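If you want the building blocks of each chain, they are given just below.
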Amino acid sequence: MSFHLTNLITGSEVPVSHIGYADGAQFSRFDEISRSPAQFLSAEPNFYRVDERTVGLTGTHTFTRTVIVPRGTVLKIMPGTTLSFASGVSLISYGTVLAEGRRDALITFKASGPAPWGVFGIVEAPAQSSIRWVQFSNGGDAKVNGMYLSGMLAAHHSDIRITYSSFSGATADDALNVKHANAVITFSDFSRNSADAIDLDWVTGSVEDSTFESNGNDGIDISGSTLTLVHNIIKHSGDKFIS
């Protein structure tokens, strides 16, 4: 298939450098963004009601299909919760996330089998999300509702604070990817990820007291970002320590 485009004002031909295709299947889950918390809970029995605008996860669960938490709904994940995901399966939240474990009760995101799962995505959340004492391992990437999420943990237009958390075995572009947001990352560990450990695109914030070791590409990729980097240890990066 070829296209010939003309500028109606100048009459000049417009060069076409790339053609992308999007069909309805890429937006098949779009209506789920607007569900009420009650509608979401009716469809997703693994979750429970915390209050009128908050849903919770606790215990051990295995997800075999991607779940979308609707806009305006807070997702609270309790200490000690273990979430396993089948190949390519993701959890996407369009609301604020409070995933706050403890040193003695970590929250875990992992694959349910040998194949990588998808991502934990936070999209356009209205308030800062908190990721504390959470372990992420063996995730990948995802395309959901027309978005490409490149990080095992991905926050798009969503402020986020990450503390005492670990990221290992990511198989896609990034273990952590944040876009167009404020991000504060402290006391966290990024190791043995296939490409970038963290990729922060047009982000403000800080990365402090964290360790980056044996990642396949960059340790910290800070495209277009304004960041404070303090007391970090970066070792054995496949490409650059900081890019």
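Going by the structure above, here's the rest.
Scope of this entry: the structure provided in the associated data block. Computed from a predicted structure; not experimentally measured. (Residues numbered from 1 in each chain as written. Predicted model: local features only at pLDDT ≥ 70, side-chain atom pairs only at ≥ 80, totals over all residues. Heavy atoms only, no water.)

## Focus: the pairing of strand β3 (residues 48-51)
Piece 1. As paired elements, β3 and strand β4 (residues 54-57) share three bridges and run antiparallel to each other. Paired with tyrosine 48 across the strands is glycine 56, a residue of β4.
Piece 2. Between β3 and β4, which pair antiparallel in sequence order, lie two residues. (Pairing = 2+ DSSP bridges. Helix = DSSP H or I, 4+ residues; strand = E, 2+ residues; numbered from the N terminus.)

## Things to note about the nonpolar core
Piece 1. Ranked by internal contacts, the top residues of the largest apolar core, which has 48 residues, are Leu91, Phe109 and Phe120.
Piece 2. Here this core gets six residues from one element, more than from any other, and that element is strand β20 (residues 174-186).
Piece 3. Apart from residues lying up to four places away in sequence, leucine 91 is in contact with Phe47, Leu57, Val67, Val69, Leu75, Leu83, Phe85, Phe109, Val119, Phe120 and Gly121.
Piece 4. Judged by nonpolar contacts, the second largest core, of 11 residues, contains Ile68, Tyr94, Val123 and Ala142. (Core = buried A, V, L, I, M, F, W, Y, C linked by side-chain atoms within 4.5 Å. Buried < 20%, exposed > 50% of the residue type's maximum accessible area, 1.4 Å probe, protein only. Contact = heavy atoms within 4.5 Å.)

## Examining the sheet that holds strand β21 (residues 189-191)
Piece 1. The eight strands are arranged β5-β8-β11-β14-β19-β21-β23-β26 in an open sheet whose pairing can be described as parallel. Edge positions in the sheet fall to β5 (60-63) and β26 (233-235), since each has one partner strand and no second. On average, adjacent strands in this sheet sit at an angle of 10° to one another, irrespective of strand direction.
Piece 2. Summarising the sheet, strand β23 (residues 211-213) and β26 pair through three bridges and their orientation is parallel. In the sheet register, threonine 211 faces β26, and the bridge partner there is isoleucine 233. (Axes fitted to C-alpha atoms, helices over the stretch in contact; angles between N-to-C directions.)

## What about unusual backbone geometry?
Piece 1. For phenylalanine 187, which is not glycine, the phi torsion reads 50° and is therefore positive.
Piece 2. In this fold, phenylalanine 187 is placed in the loop between β20 and β21.
Piece 3. Positive phi, close to 50°, is recorded for aspartate 209, a residue that is not glycine.
Piece 4. Within the secondary structure layout, aspartate 209 lies in the loop between β22 (196-208) and β23.
Piece 5. By relative accessible area, aspartate 209 is classed as partly exposed at 29%.

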